[in-house]
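Structural overview for review
Listed below, chain by chain, are the residues.
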Amino acid sequence: MAASTLKAVILIGGPMKGTRFRPLSLDVPKPLFPIAGHPMIYHLIESCSKVEGLNEVLLIGSYQHDEPKLKEFILNTRAMFSLQIRYYQEFAQLGTAGGIYHFRDQIQNGNPEAFFVFNCDVCGDFPLIEMLKFHRSKRRGDHYSHREQYTMLGTEATRQQSLNYGCIVSKKETGEVLHYVEKPETFVSATINCGVYLFSMHIFQHLFKAFESNQNNTNFESILPPTYRNESISLEHNILTQLASSDKLFVYHTSAFWSQIKSAAATIYANRQYLKIYRKQNPDLLCESSDLGPRIIGDVYIHKTAQVDPTAVIGPNVSVGKGAIIGAGVRIRESLILENAQIHDHACILYSIIGWDSSVGAYTRVEGTPNDPNPDKPFSKIEVKGLFNDKGQLNPSITTIGSRVQVPAEILILNTIVLPNKGISGSEVNKIIL
């Protein structure tokens, strides 16, 4: 018997999403922002490439189909992995499940056994192979494709932080989901939804019911032609809450690294964790100290085209992008240096992102405040803080220098956000440079 085929769907959102990610998403679609040397969704696709039988990845979002950077990414990634990668553009923002339903024919083409679904703003060491084995272990028919089966990836959070996620109540022995609540007002469970799913094809029956319900519940929109009626479907509210306690939805628990990437600050933590994964799974991607090269501390990724002075000290947890130039005596740690950025002699970069084609002058210090999970609390996640506190003051966070910004020599930039193409004349602390 031929091996069962699988597919993956990655929900990449659109240009109206990811506003908390600005100014980084002003130059590149958020899913393509580089973390540990590769775009965010590259890491998801790489995880998919390791699953036997998974031969097609569908990207669904509302970016324009001719978005040049997205087209270039797809072409390059196809060449790197033996996967078919296609992008399907939503005619409108259809929610977390509306796009899946809208492109149901493309997903079901070839009669796959099941398909993974990813939210694009999650990162982690995804146990997809183990998740698939768990999913298949719950089979009730003679063949995988004959059963109705749904599996979601779950992890642990603190009691307080669980209120910011979808919460899962399940049977400890079997993993069967008994109850699901999206962002509850009071504590429900410390097991949270990771935004990664594995669905059998029967999911489209439930999506159809949700679609029909939405059509019937429209008010003034119901007088419009069906093409223009509300087709938005929420996977969390319309589907998962209904499948809970149906004996068809299960959760696979993981204790491996997992996080969301909701803001620019979260990329520093994600970069650190992906570099740690490189150390374990693909250490050749990391740089090491040598007599002729810079001093490397901990996990560091440096693109092969970047130029780094031998007297620089880099790391831990630093990624240096394509064509970047790092001068003599430069110190960088816990930061992202993006493509064609230039760091002049003896500058110091800490907990910061230096944007595309930007430069930092000699002896300048660029520093931010880390937004890491609380190390004293087991299962703690990154706190997604607002830009401002209750007093209207800018919350301390990483420093983000947008693209094509010239930072002068011998100044201090601390906890500051600088939009693209903006000029800086002197030191800036706790500011947004518009």
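Some thoughts on the confidence of the model for the chain
Here the chain averages 90 in pLDDT, and 94% of its residues register 70 or above. Long-range and interchain partners of residues 220-225, a stretch whose pLDDT sits below 50, account for 4 contacts in this model, where long-range means more than four residues apart.

Quick word on the nonpolar core
One finds Ile10, Phe33, Val57, Leu59 and Phe116 to be the most contacted residues of the largest nonpolar core, which totals 73 residues. When residues of this core are assigned to their parent elements, the largest contribution, 9 residues, is made by helix α8 (residues 265-281). When neighbours within four sequence positions are excluded, valine 57 is seen to be in contact with Ala8, Ile10, Ile45, Cys48, Leu83, Gln84, Ile85 and Arg86. Counting 33 residues, the second largest nonpolar core, distinct from the first, contains Val9, Ala97, Ile233 and Leu249.

Quick notes on empty space enclosed by the protein
Counted by the stated rule, this structure contains 1 cavity of 30 Å³ or more. Considered as a void within the structure, the largest cavity measures approximately 60 Å³ in volume. Lining the largest cavity are Tyr165, Ser259, Gln260, Lys262, Ser263, Ala266, Lys381, Ile382 and Val384. By residue class, the composition of the lining of the largest cavity is 4 nonpolar, 3 polar and 2 charged.

Some remarks on the pairing of strand β11 (residues 191-200)
Within β11, 10 of the 10 residues are buried, leaving the element largely enclosed by the surrounding structure. Examined bridge by bridge, strand β6 (residues 114-119) and β11 share 5 bridges and lie antiparallel to one another. Looking at the pairing, valine 117 lines up with tyrosine 197 of β11. Here strand β8 (residues 150-156) pairs with β11 via 6 bridges, running antiparallel. Each residue of the ladder has a partner; that of methionine 152, found in β11, is tyrosine 197.

Concerning the pairing of strand β1 (residues 6-13)
Judged by how many residues are buried, β1 sits mostly within the fold: 7 of 8 residues are covered. Bridge count between β1 and β6: 6 bridges; the pairing is parallel. Bridge pairing links alanine 8 to phenylalanine 116 in β6. Pairing geometry for β1 and strand β4 (residues 54-61), over 7 bridges, is parallel. Directly across from lysine 7, in β4, lies its bridge partner glutamate 56.

Conventions we followed
- Residues numbered from 1 in each chain as written.
- Predicted model: local features only at pLDDT ≥ 70, side-chain atom pairs only at ≥ 80, totals over all residues.
- Heavy atoms only, no water.
- pLDDT = per-residue confidence, 0-100.
- Contact = heavy atoms within 4.5 Å.
- Core = buried A, V, L, I, M, F, W, Y, C linked by side-chain atoms within 4.5 Å.
- Buried < 20%, exposed > 50% of the residue type's maximum accessible area, 1.4 Å probe, protein only.
- Helix = DSSP H or I, 4+ residues; strand = E, 2+ residues; numbered from the N terminus.
- 1 Å grid on protein atoms, 1.4 Å probe; cavity = no way out; pocket = protein on both sides within 12 Å on 5 of 7 lines; lining within 4 Å.
- Points joined across faces, edges and corners; volume = space filled by probe spheres on them.
- Nonpolar A, V, L, I, M, F, W, Y, C, P; charged D, E, K, R; others polar.
- Pairing = 2+ DSSP bridges.

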